[in-house]
Amino acid sequence: MLGKNVSYRQIRLLLTLCGLGIIATAMALLATSRAFGGKAGYKIGANTELSASCGGQNAEVHQAVDPKLGYVYEAWTGCGGIGFARSTDGGHGYSRAISLPGSVHAGADDPAVAVAPDGTVYASFMLHGPDRSYPVVAASFDHGATFAQVAALTPPRAKNWGDADFIAVGPRGTVYVTWDYGPNRSSIKYLCSKSGSCSFANGDLNVVIQKSSNRGKTFGPMSYLSPGFPAGGADSAPLVVEPSGRIDVLYQGYQITNASTDKLGPAYSYFTSSLDQGSTWSRPVRVGQQAGTMSPTEWWIDGDISLDSADNLYATWDTQGRTPAGAATDTGWLAFSIDHGRRWSAPIQVPTNRLDVPHITEVTGAGAGIAYISWHSDNDQRGYAQYLRAFSTKHGWISAPTQLSSAFGNRGVWPGDTFGISSWPPDHLVVSWGSATPPASKKSEIFAATVTVSLP
């Protein structure tokens, strides 16, 4: 009798293998399915509010951890600029929020955080002034207690467009920042949501990268990561650096449907990597194209990439489409690579629904072959919530979707384009998000929760 954990697809494959005479392989598949019948279990901590001391809206959080110390660092849009708080006890309690130096500015947004091997904390964000848009990187040499150094990555050309910075640190301390750059801001035509942020209908979008070899004191010039400059149609480029120093990037690449107006069509996710600290890049590989495309009306920062302890890569993104009957759809996806991004798995749907609402999806790699995928969505009519499930490269999903947020957020209030998710050995996970929950449902705040995972 077949075990209850064997799916119809596995039964069909089992019969096919038997029919081909591959009895040993078929029996091994059956044994594996029976042996891995359990599911991951979660112990979810209380939802902790991080932004209570900050006035106004608080949203769009990003997170990093120092696994050696168990410290957690959170940065978000709020606190009069970019808010920051740290936890020295694994995410259970946080310091009083501060505003990052250089961020108390009406145009500060898009925070990102990274931790160097020596414990230096780097927090980046975008500034949008009348003359230029560019990233700023603040550095802390005392584990996030203070930020004594601030560097501006000012582009040489005025009246540029800039957006969506991401930051990572290599094994020898080289700091890398990717960001969206356009030489002419007047080419950008925005599509803005009433309860979200903005996307782009037209524009000279490109992904550039800059690096620092002196602990973030100064950064070198921009180099173009995405093909097609000055109007390649690329934006939103999260990155990770492998222990070997190899840089891995996932970016969103829009089709240019009218070269004279830089009109943007649907987008796919693309992977590229560099073996020489960003001087040259591999030919971009389209990831998960079977899942469909991202619409230019998608207002959130889409796409995420992560590594597990065995250097397997995981990518997540969100697509929009239509059913055969013509109804609009949206859902999040996962793909993984076990060969440094040369080949990727088929796309795997993350949420169990395809409702026409945002599914902002991110991932963190954990132990070898294990990743945790979280998404922020208002697929429930009660409002926005944060969800989580666990994935194994060998066994597929090893948990059903689990809700982490204890309250639902107002669907009419922007929760941010991003959230935070990190894991470290042996079984610790922290997730942070923005949400406008009762009683002050018209004001978004930042929340975080710890998760202790029990793998089957």
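Below: a short report on this structure. As the structure is a computational prediction, the values presented were derived from the model and not from experiment.

Here is what the cut-offs are and how they apply
Residues numbered from 1 in each chain as written. Predicted model: local features only at pLDDT ≥ 70, side-chain atom pairs only at ≥ 80, totals over all residues. Heavy atoms only, no water. Helix = DSSP H or I, 4+ residues; strand = E, 2+ residues; numbered from the N terminus. Rg over C-alpha atoms; globule rule 2.2 N^0.38 Å. Buried < 20%, exposed > 50% of the residue type's maximum accessible area, 1.4 Å probe, protein only. Contact = heavy atoms within 4.5 Å. Polar contact = N/O pair within 3.5 Å; in protein donor to acceptor, adjacent residues only side chain to side chain. Pairing = 2+ DSSP bridges. Phe/Tyr/Trp six-rings, centres within 6.5 Å; stacked < 30°, edge-to-face > 60°. Lys NZ or Arg CZ within 6 Å of the ring centre and 35° of its normal.

## Description of the overall build of the chain
Scanning the chain from N- to C-terminus turns up 2 helices and 33 strands. Whereas a compact globule of 456 residues would reach a radius of gyration of roughly 23 Å, the chain reaches 22 Å, a difference of no more than 12%. Judged by the C-alpha coordinates and their principal axes, the chain covers about 70 × 50 × 45 Å. Per-residue burial over the chain gives 58% buried out of 456 residues. Summarising the internal contacts of the chain: among those between residues at least 6 apart in sequence, 55% fall at separations of at least 24.

## Quick notes on the side chain of Ser444
Along the chain, the position of Ser444 falls in the loop between β32 (428-435) and β33 (445-454). Given a relative accessible area of 1%, Ser444 falls into the buried group. One polar contact links the side chain of Ser444 to the main-chain carbonyl oxygen of Asn58, over a distance of 2.8 Å. Of the polar contacts made by the side chain of Ser444, one reaches the backbone nitrogen of Ser435; its length is 3.3 Å. Sequence-distant contacts of Ser444, that is, excluding residues within four places in its chain, are made with Gly56, Gln57, Asn58, Ala59, Val413, Trp414, Pro415, Gly434, Ser435 and Ala436.

## Observations concerning the sheet that holds strand β11 (residues 161-169)
As summarised here, the arrangement of the 4 strands in space is β11-β12-β15-β16, forming an open sheet in which the pairing is antiparallel. Only two strands of the sheet have a single neighbouring strand rather than two, namely β11 and β16 (223-224). Taken together, the 7 bridges between β11 and strand β12 (residues 175-182) define a ladder with antiparallel strand orientation. In the sheet register, Asp163 faces β12, and the bridge partner there is Asp180.

## Section: the packing of aromatic side chains
With the rule as written, the count across this model stands at 14 aromatic pairs. Measuring from centroid to centroid gives 4.9 Å for Phe84 and Phe147, while their planes differ by 85°, and the two rings are edge-to-face. Here Phe84, found in strand β5 (residues 81-87), pairs with Phe147, found in the loop between β9 (133-140) and β10 (149-152); they are 63 residues apart in sequence, far enough to count as distant. Each of the two residues, Phe84 as well as Phe147, counts as buried. For the ring pair Trp161 and Phe200, a centre distance of 5.2 Å and an interplane angle of 85° mean the geometry is edge-to-face. Linking Trp161 in strand β11 with Phe200 in strand β14 (residues 198-202), this pair joins segments that are 39 residues apart in sequence. A relative accessible area of 4% places Trp161 in the buried class. Ring pairs connect the aromatic residues Tyr71, Tyr73, Phe84 and Phe147, which therefore count as one cluster. Looking at Arg286, its charged tip hangs above the ring of Tyr268, at a distance of 3.9 Å from the centre.

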